[in-house]
Amino acid sequence: MIMKNIYLILLLFTGLLACNDEHDFIKTDLPENAFRFKEIPGGAVMYYKLPDDPNIVGIRVRYKDARGEEMLRSGSSNCDSLMLIGFNEEMKDVAAKVSYHFQNNQESQSFDVRFSTADSGPVAFMKSLKCHSNWDGFALQFNNPVGTSGLAHVYYLGKDPKTQLPDTVFIKSFTLSPTEEEETLFFEFKQEIDTTTIIVKVEDFRGYMVKKQAF
């Protein structure tokens, strides 16, 4: 008798799960020109149109960023665009899934989309970066496009001031921002050095290290 009751309970539980699975998503039709994309540095802008349904309060986009991490970006019914971020080098045909978000916290079925991205600010900076010797130091020249953001760190191979042993000596960090024309920054060595190696590292606005280059 006990085994029979357990069996009935299991059947009932399985049936409830099946019912839940059937109602996890709300079937929705796409409006005409529902999604379009514009590539920007480090990602893309998705322009969207919501179906004519007052119960739909937003939109959700799922994709993997340049590090392979799952990304979820949400947009409101009060807007018509959403930034898709998390990329470094330009990419083509990035796969994503889009769903509409209802006020009861349910979602529509997902729609498969693809978008492209442009080089991020740190990548564009490194591609244009040049290093030249200068009196008692060196100069960095670069040209950043519109939309550039991030952070650059500059070092050189010298000696630790305390131990006098070979070490990587930090010079300066600076933010990456758009430049109207090629910009030049001058740096002086903190030690007397005839020849050395300059190291430049860049990170994105999320704090991830993107690239490193030595001159």
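Note on numbering: residues in each chain are counted from 1, in written sequence order. Given that the model is predicted, a residue must reach a pLDDT of at least 70 before its local features are reported, and side-chain atom pairs must reach 80 or more before they are shown or counted; all residues, however, enter totals for whole chains, interfaces and linings. To get the side-chain values, take all heavy atoms of the structure and skip hydrogens and water.

**Observations regarding the overall build of the protein**
Point 1. Helix and strand definitions follow DSSP, with helices as H or I runs of at least four residues and strands as E runs of at least two, each counted in order from the N terminus. Counting secondary structure elements, the protein contains 2 helices and 16 strands.
Point 2. Any residue under 20% of the maximum accessible area for its type is buried, any over 50% is exposed, and the rest in between are partly exposed; the area is computed with a 1.4 Å probe on protein chains only. Looking at the protein as a whole, 40% of its 215 residues qualify as buried.
Point 3. Across the protein, contacts joining residues at least 24 apart in sequence account for 59% of those joining residues at least 6 apart.
Point 4. Residue-level accessible areas treat just the shown protein chains as cover; the underlying method is Shrake-Rupley with a 1.4 Å probe. Split by element, the accessible area of the protein, about 13700 Å² in all, is 53% carbon and sulfur. Contact definition: two residues touch when any of their heavy atoms are within 4.5 Å.

**Section: the nonpolar core**
Point 1. Only buried Ala, Val, Leu, Ile, Met, Phe, Trp, Tyr and Cys residues count toward a nonpolar core, and they belong to the same one when joined by side-chain atoms within 4.5 Å. Counting residues in hydrophobic clusters, the biggest one holds 22 residues, and the most contacted among them are Phe35, Val61, Tyr63 and Phe115.
Point 2. Taken together, the elements giving at least two residues each to this core come down to β3 (43-48), β4 (56-64), β6 (81-84), β7 (94-102) and β9 (111-115).
Point 3. No other element matches the 5 residues that β7 contributes to this core.
Point 4. When neighbours within four sequence positions are excluded, tyrosine 63 is seen to be in contact with Glu69, Glu70, Met71, Arg73, Leu84, Ile85, Phe87, Ala95, Ala96 and Phe115.

**Some words on the sheet that holds β6**
Point 1. Read across the open sheet, the 3 strands follow the order β2-β3-β6; overall the sheet is antiparallel. Two strands close off the open sheet at either side, each with one partner strand: β2 (35-40) and β6. In this sheet, neighbouring strand axes are inclined to one another by 25° on average, regardless of whether the strands run parallel or antiparallel.
Point 2. Pairing between strands is defined by DSSP: at least two bridges between them are needed. For β2 and β3, the ladder comprises 6 bridges, and the chain directions are antiparallel. Paired with glutamate 39 across the two strands is alanine 44, which belongs to β3. Convention adopted: a line fitted to C-alpha atoms gives each axis, helices being fitted over their contacting stretch, and angles between N-to-C directions are expressed from 0 to 180 degrees.

**What to know about a negative patch on the surface**
Point 1. On the surface, a cluster of negative charge is contributed by Asp136, Glu188, Glu192 and Asp194.
Point 2. Turning to its location among the elements, glutamate 192 is positioned in the loop between β14 (183-188) and β15 (198-203).
Point 3. The class of glutamate 192 is exposed, set by a relative accessible area of 86%. Patches here: salt-bridge-free residues with over 30% relative accessible area, like charges joined within 9 Å, nonpolar side chains (Val, Leu, Ile, Met, Phe, Trp, Tyr) joined within 5 Å. Just to be clear on terms, a salt bridge is a Lys or Arg side-chain nitrogen sitting within 4 Å of an Asp or Glu carboxyl oxygen. The convention is simple: Lys and Arg are positive, Asp and Glu are negative, and His and the chain ends are not counted. Taken as the charge centre is NZ of Lys, CZ of Arg, CG of Asp or CD of Glu, depending on the residue.

**Topic: the confidence of the model for the protein**
Point 1. What pLDDT conveys is the predictor's confidence in a given residue, as a value from 0 to 100. When the pLDDT values of the protein are averaged, the result is 85; 89% of them are 70 or greater.
Point 2. Counting interchain partners and residues more than four positions distant, the pLDDT-below-50 stretch residues 6-22 has 0 contacts.

**A closer look at the sheet that holds strand β10 (residues 130-134)**
Point 1. Read from one edge of the open sheet, 3 strands run β10-β11-β14, paired in antiparallel fashion. With one partner strand each, in any of the chains shown, β10 and β14 form the two edges of the open sheet. Going across the sheet, the axis of each strand differs from the next one's by a mean of 25°, ignoring polarity.
Point 2. Of the pairings in the sheet, the one linking β10 to strand β11 (residues 137-142) comprises 5 bridges and is antiparallel in character. Across the sheet, the residue bridging to serine 133 is phenylalanine 138, located in β11.

**Some words on the packing of aromatic side chains**
Point 1. Each aromatic pair joins two rings of Phe, Tyr and Trp (for Trp, the six-membered one) with centres within 6.5 Å, and gets the label stacked for planes under 30 degrees apart, edge-to-face for over 60, and tilted for any other angle. Using the criterion set out here, one finds 13 aromatic pairs in the structure.
Point 2. Both rings, one in phenylalanine 87 and one in phenylalanine 115, keep their centres 5.9 Å apart while their planes meet at 80°; by these two values the pair is edge-to-face. Residue phenylalanine 87 is found in the loop between β6 and β7, and its partner phenylalanine 115 is found in strand β9; the two are separated by 28 residues along the sequence.
Point 3. Note on phenylalanine 87: relative accessible area 4%, which makes it buried.
Point 4. The interplanar angle of 65° and the centroid separation of 6.2 Å between the aromatic rings of tyrosine 100 and phenylalanine 111 together place this pair among those described as edge-to-face. Of this pair, tyrosine 100 sits in strand β7 while phenylalanine 111 sits in strand β9, and the two are 11 residues apart along the sequence.

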